[in-house]
Structures are given as structure tokens and as C-alpha cells.
Amino acid sequence: EQEVISALQKYFEARNNQDYETVVALESRLGTFNTNSDGSFHKPKLTSTIGQWEKTNQGGVTNVFYPQAIQLSEGVVFVRFYSEGMVSAGGKASNYRTRVTMNWVKEAGNWVVKSQHYSAANYGGVHLTQPADFDD
């Protein structure tokens, strides 16, 4: 559980620093299943690439608060926490606060994200919809 909490911190630090090589390395090579907090539908399975992250990442910084982890089975850990900070899209900054659940799995000896679910935490505007949500 502590290894996953450490990997979680590394994952968000990399996202905040736009270190997409590390972000991609910390996501399942077999793809992830994600849901955003903007009220949009669940996303199809996504196999992340550096280019995809460069295209869709919103600017800003979000931080992990109160992370909790519990091992569900050998090689599977459930994590929940709050994410809070500022995000920006199209040059407009917005407050950001959401609840997050993730499943981390062990692949090739490393803990990686397999699923992410972000759900709005009432705080005014919680998410700026990604323009890529409307791409075919």
C-alpha cells in the first residue's frame, strides 16, 4: 500500500511538471479506464502516449490530499483521495477540487494506474472540459 501511495505522489508530481514520459510509465501499458469529473461519459480504454498527454493535459497544478490505499488482492490496490488546485484551459484558470478513486496494478514488477474516476466535489466550477473530449 505504501509503495502505491509513493507511486501516486510521483504520478501527480510528473503530471504537474509535464513530465509525460514518467506519467506514461506510471500508467498501464495495456490501457486505462477513466472517468472525468466534468459530467461527461466514461472514456473508452486509453493507452497513453506522450503525444496524447501533450495534447490533452490542462495546465495548472493539482495536488493529492488525504490519500488512502487498501490492497484488494495480490497485485491490485485501490486508492482514494482528494485532488485540489488550479487548472487552466484556453488561457482561463479555474479552481479545481475533486474526489478521486484509482485502481493500481502490478505490471512487470511496477505499480501502475489501471483506472481513474474523478467525481466532482462541490466547490463551484470543478472541471474545465477538455477540448479533446469532443474529438472523434
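The structure this text deals with has already been given above.
The shown structure was predicted, so the numbers you read here are calculated from the model rather than taken from an experiment.

1. A closer look at the pairing of strand β5 (residues 110-120)
- Sheet analysis places strand β1 (residues 33-35) next to β5, joined by 3 bridges and oriented parallel. Bridge pairing in β5 links F33 to S115.
- Looking at chain direction, strand β4 (residues 92-107) and β5 are connected through 10 bridges and run antiparallel. Within β5, the residue paired with V100 across the bridge is Y118.
- Here β4 folds back onto β5 in antiparallel fashion, the turn holding 2 residues, of which A108 has a positive phi close to 50 degrees.

2. A closer look at the environment of Y96
- Looking at where Y96 falls in the secondary structure, it is placed in strand β4.
- Y96 sits in the buried class, given a relative accessible area of 6%.

3. A closer look at helix α1 (residues 2-16)
- The end-to-end C-alpha separation of α1 is 21 Å, in line with the 21 Å expected for 15 residues at 1.5 Å each.
- Taken as a whole, α1 has its buried residues at V4, I5, A7, L8, Y11, F12, A14, R15 and N16.
- For α1, the elements touching its buried residues are α2 (20-25), α3 (50-56), β2 (59-73), β3 (76-89), β4 and β5.
- Downstream of α1 by a residue or two, Q18 has a phi angle that is positive, lying close to 55 degrees.

Criteria and cut-off values
- Residues numbered from 1 in each chain as written.
- Predicted model: local features only at pLDDT ≥ 70, side-chain atom pairs only at ≥ 80, totals over all residues.
- Heavy atoms only, no water.
- Pairing = 2+ DSSP bridges.
- Helix = DSSP H or I, 4+ residues; strand = E, 2+ residues; numbered from the N terminus.
- Buried < 20%, exposed > 50% of the residue type's maximum accessible area, 1.4 Å probe, protein only.
- Expected span 1.5 Å × (residues − 1).
- Contact = heavy atoms within 4.5 Å.

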